[in-house]
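The lines below spell out each chain.
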Amino acid sequence: MIKLYTDAGLNTNLNLGAVAYVIRINDNIYKEALVHNNPDNHYLEFLALKLALKKIIEENWNNEIILIHSDSQIVINSIDKQYSKHYQPILDDILTELTSFPSYFAKHIADKDNREAHSLVHQKMLNIRRHDDK
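Source: prediction; values computed, not measured.

Caption draft 1: Representation of the packing of aromatic side chains. Under the criterion given, the structure shown has three aromatic pairs. Relative to Y30, the ring of Y21 has its centre 6.4 Å away and its plane inclined at 25 degrees; by these criteria the two rings are stacked. When its relative accessible area of 3% is taken as the criterion, Y21 is described as buried. Put simply, the rings of Y21, Y30 and W61 touch in pairs and so form one group of aromatic residues.

Below, the structure is given as structure tokens:
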């Protein structure tokens with residue numbers, strides 16, 4: 001089983017966001033945090049999931065059931081309903097990617113249970129402030 005944790009954050013002063021994901025497959029862990037120029041935190045939460053799914057598929061790791069963990073209620077609700085009033089295009093991309101897996105489950109988790117992805121976002125945001133890391 002693949003366990004995926006995603007998160008996003010926004011620096012409103014610089015109008016830059018960061019997305020991060022943590023992929024756990026058996027005893028292997030893959031982590032990534034990226035800067036994205038988008039002022040919409042909800043969109044960034046969807047983007048974090050989309051990028052993580054793309055990475056898993058590109059690496060051919062998608063032959064197992066995936067358990068998606070997100071602290072974004074809108075992302076989880078949208079996956080469950082397969083509908084989003086404001087984010088349907090990126091949700092459609094995510095739903096298409098999810099067809100590449102044998103099965104998937106999406107679970108809303110508390111911020112405190114998403115520490116690893118959250119800390120990656122936080123670290124990337126600090127790098128943006130310190131080094132203008134774009």
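The rest of the description comes next.
Caption draft 2: Examining the pattern of salt bridges more closely. Within the structure shown, the criterion is met by five salt bridges. Across the salt bridge formed by D93 and K50, the nearest N and O atoms sit 2.9 Å from each other. Of this pair, D93 sits in helix α3 (residues 88-98) while K50 sits in helix α1 (residues 41-58), and the two are 43 residues apart along the sequence. Salt-bridge contacts for K55 lead to E59; the nearest nitrogen and oxygen are separated by 2.9 Å. On the basis of relative accessible area, K55 is assigned to the buried category, the value being 15%. In this structure E59 comes out as partly exposed when scored by relative accessible area, which is 35%.

Caption draft 3: Representation of the environment of I128 in the model. In this fold, I128 is placed in helix α4 (residues 115-131). It is 32 Å that separates the C-alpha atoms of I128 and N26, two residues lying 102 residues apart in sequence.

Caption draft 4: Highlighting the sheet that holds strand β4 (residues 66-70). Within the open sheet, the five strands sit side by side as β3-β2-β1-β4-β5. Their pairing is mixed. If you trace the sheet from one side to the other, it starts and ends with β3 (28-36) and β5 (104-108), each paired once. Neighbour-to-neighbour, the strand axes of the sheet open up by a mean angle of 15 degrees, direction not taken into account. The pairing of strand β1 (residues 2-11) with strand β2 (residues 16-25) spans 10 bridges and is antiparallel. Paired with D7 across the strands is A20, a residue of β2. Sheet strands in contact with α1 are β1, β2, β3 and β4, and its direction is about 145 degrees off that of β1.

Calculation criteria
- Residues numbered from 1 in each chain as written.
- Predicted model: local features only at pLDDT ≥ 70, side-chain atom pairs only at ≥ 80, totals over all residues.
- Heavy atoms only, no water.
- Phe/Tyr/Trp six-rings, centres within 6.5 Å; stacked < 30°, edge-to-face > 60°.
- Buried < 20%, exposed > 50% of the residue type's maximum accessible area, 1.4 Å probe, protein only.
- Salt bridge = Lys/Arg side-chain N within 4 Å of Asp/Glu carboxyl O.
- Helix = DSSP H or I, 4+ residues; strand = E, 2+ residues; numbered from the N terminus.
- Pairing = 2+ DSSP bridges.
- Axes fitted to C-alpha atoms, helices over the stretch in contact; angles between N-to-C directions.
- Contact = heavy atoms within 4.5 Å.

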